[in-house]
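Report on the structure
Here is what each chain is made of, one letter per residue.
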Amino acid sequence: MTSNFALEPAGAAAISSATAPSGTPTALAAEGAQASALAAGRLRARISGGQLAPGAKLSEQAIARELGVSRNTLREAFTVLTGESLVDRVPNRGVFVARPTADDVREIYSARRIIEPGAVLWGSCPSKILTELKAVIASARSAREAGDIKGMGDANQRFHRGLMALTGSATLVTTMDRLLARMRLVFHSMSADPGFHGDYVDRNAELLRLLEAGQRAEAAEALREYLTFAEAQLLEHMA
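Keep in mind it's a predicted model, so treat the numbers as computed, not measured. (Residues numbered from 1 in each chain as written. Predicted model: local features only at pLDDT ≥ 70, side-chain atom pairs only at ≥ 80, totals over all residues. Heavy atoms only, no water.)

**A word on the environment of Lys-128**
Spelled out, the test is: Secondary structure follows DSSP: runs of H or I at least 4 residues long count as helices, runs of E at least 2 residues long count as strands, and numbering of each begins at the N terminus. Here's how the labels work: a residue is buried when its accessible area is under 20% of the maximum for its type, exposed when over 50%, partly exposed in between, all with a 1.4 Å probe on protein chains only. The term polar contact refers here to a pair of N or O atoms within 3.5 Å; inside protein, the definition further demands a hydrogen-donor-capable atom paired with an acceptor-capable atom, and it admits residues adjacent in sequence only when both atoms are side-chain atoms.
Mapped onto the elements of the fold, Lys-128 is located in helix α5 (residues 127-145). Owing to a relative accessible area of 58%, Lys-128 belongs among the exposed residues under this scheme. Within the structure, the side chain of Lys-128 is placed 2.6 Å from the side chain of Glu-132, a separation counted as a polar contact.

**Description of the sheet that holds strand β2 (residues 87-90)**
For the record, the criterion: Two strands are counted as paired when DSSP detects at least two bridges linking them.
Strand order in the open sheet made by the three strands is β1-β3-β2, with antiparallel pairing throughout. Of all strands in the sheet, those bounded by a partner on one side alone are β1 (57-58) and β2. Sheet analysis places β2 next to strand β3 (residues 94-97), joined by four bridges and oriented antiparallel. Within the sheet, the bridge partner assigned to Arg-89 lies in β3 and is Val-95.

**Some points on the pairing of β3**
Taken together, the two bridges between β1 and β3 define a ladder with antiparallel strand orientation. For Leu-58, the partnering residue across the bridge sits in β3 and is Val-95. Connecting β2 to the antiparallel partner β3 that follows it, the hairpin turn spans three residues, and Asn-92 within it adopts a positive phi of roughly 70°.

**Details of helix α9 (residues 216-238)**
Rule in force here: Each residue after the first adds 1.5 Å to the expected span of a helix.
A rise of 1.5 Å per residue sets the reference length of α9, with its 23 residues, at 33 Å; its end C-alpha atoms lie 33 Å apart and thus fit the reference within 8%. Inspection of α9 places Ala-219, Ala-220, Leu-223, Tyr-226, Leu-227, Ala-230, Glu-231, Leu-234 and Leu-235 among the buried residues, and these make up the whole buried set.

Written as structure tokens, this is what we have:
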């Protein structure tokens, strides 16, 4: 496992000394919770970035060392990721990156068909985000021309995260980040099929065209159909 887990020092965020003076049990607990949340975030980003494959065993000792956290803190991070269906604890064997099932795919797409079209239909469409989405499409097209499957996957993740950013809600963006991390594990099964990812470059470009034209309802409906098609394609492959 490569050592690129740059983690902010535990307790980097300010903790009010009025309510939790430094060194008190409350302050120490808050710092520990922050450290475990940061560790979970780093591991989640690695999964979302395709750097940790389904079924990979996560060495507690090695990862704690790379993250610069205690093993207790890492175990708390694993608990967070277990709750997000990103890792599995196997008794007497350890912690493994989750292998999504067909039921996982159905559950993920059920959520996506609600929150993503909602973001497109009711979110704002600031020119800054639309410009960023246009740059993502350009990156995806370049990756497709180069036959770079991972590059297309990375661009697809950024595009859908950008759609959720239209809501202006940090809570929904965080929810989308967790869904996209799970999606990256699903997409590992399609990692040898450039055609699968290439098709979604054009679908994403069409969604952006509709948004730029102000056709929000049409974009939302197209996105629902797109997600239903993707779900069926993945389930067929898994079967």
